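Listed here are the chains, written in short residue letters.
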Amino acid sequence: MTETSDKKQLLHLVFGGELSSLAGVQFKDLSALDIVGIFPDYASALIAWRAKAQATVDNAEMRYFIVHMHRLLEPEVKSA
């Protein structure tokens, strides 16, 4: 089933993985990346990011990120 809404979707991707070094953003194993999901807005992506970041707090090399997919899909559109 698809969701419909009058609100504009501002898609965000949450993913993470173990870094090779704390000095950069290069992953040890790309096949082991944790794709948390795609979310319709920043607020819901932030909730998912916080949950994953908190769950992996004991592993200093584990990092999670939020990617603003809507900026990649429509770079000319400015969002609030």
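For clarity, every value in this text was computed on a predicted model and none was experimentally measured.

K.L.:
Please set out the overall build of the chain residue by residue, giving values where relevant.
P.N.:
If you tally the helices and strands in the chain, you get two helices and three strands. Going from N to C terminus, the chain has its helices and strands arranged as β-β-α-β-α. Residue burial in the chain is summarised as follows: out of 80 residues, 22% are buried. Long-range contacts, defined as pairs at least 24 residues apart, comprise 60% of the intrachain contacts of the chain with a sequence gap of at least 6.

K.L.:
How would you sum up the pattern of salt bridges? Please name residues and give values.
P.N.:
For the structure shown, the criterion picks out three salt bridges. With its nearest N and O atoms 3.6 Å apart, the salt bridge here joins E18 to K28. Of this pair, E18 sits in strand β1 (residues 12-18) while K28 sits in the loop between β1 and β2 (34-39), placing them 10 residues apart in sequence. A residue is classified by how much of its surface remains accessible, and K28, at 47% relative accessible area, is partly exposed. Residues K52 and D34 are paired through a salt bridge, measuring 3.1 Å at the closest nitrogen-oxygen approach. On the criterion of sequence distance, the pair formed by K52 in helix α1 (residues 42-55) and D34 in strand β2 is long-range, its members being 18 residues apart. Residue classification places D34 among the partly exposed residues on the basis of a relative accessible area of 22%. What you see here is one network of salt bridges that share partners, running through E18, K28 and E61.

K.L.:
Report on the side chain of H12, specifying residues and quantitative values.
P.N.:
As for its placement among the helices and strands, H12 is situated in strand β1. Side-chain polar atoms of H12 contact the backbone oxygen of L10, separated by 2.5 Å. A distance of 3.5 Å separates the side chain of H12 from the backbone nitrogen of Y42, its partner in a polar contact. With residues near it in sequence (within four places) discarded, H12 still touches G37, I38, F39, D41, Y42, A45, I66, V67, H68, M69 and H70.

Procedures and definitions
- Residues numbered from 1 in each chain as written.
- Predicted model: local features only at pLDDT ≥ 70, side-chain atom pairs only at ≥ 80, totals over all residues.
- Heavy atoms only, no water.
- Helix = DSSP H or I, 4+ residues; strand = E, 2+ residues; numbered from the N terminus.
- Buried < 20%, exposed > 50% of the residue type's maximum accessible area, 1.4 Å probe, protein only.
- Contact = heavy atoms within 4.5 Å.
- Salt bridge = Lys/Arg side-chain N within 4 Å of Asp/Glu carboxyl O.
- Polar contact = N/O pair within 3.5 Å; in protein donor to acceptor, adjacent residues only side chain to side chain.

What is shown is where atoms sit, not what they do.
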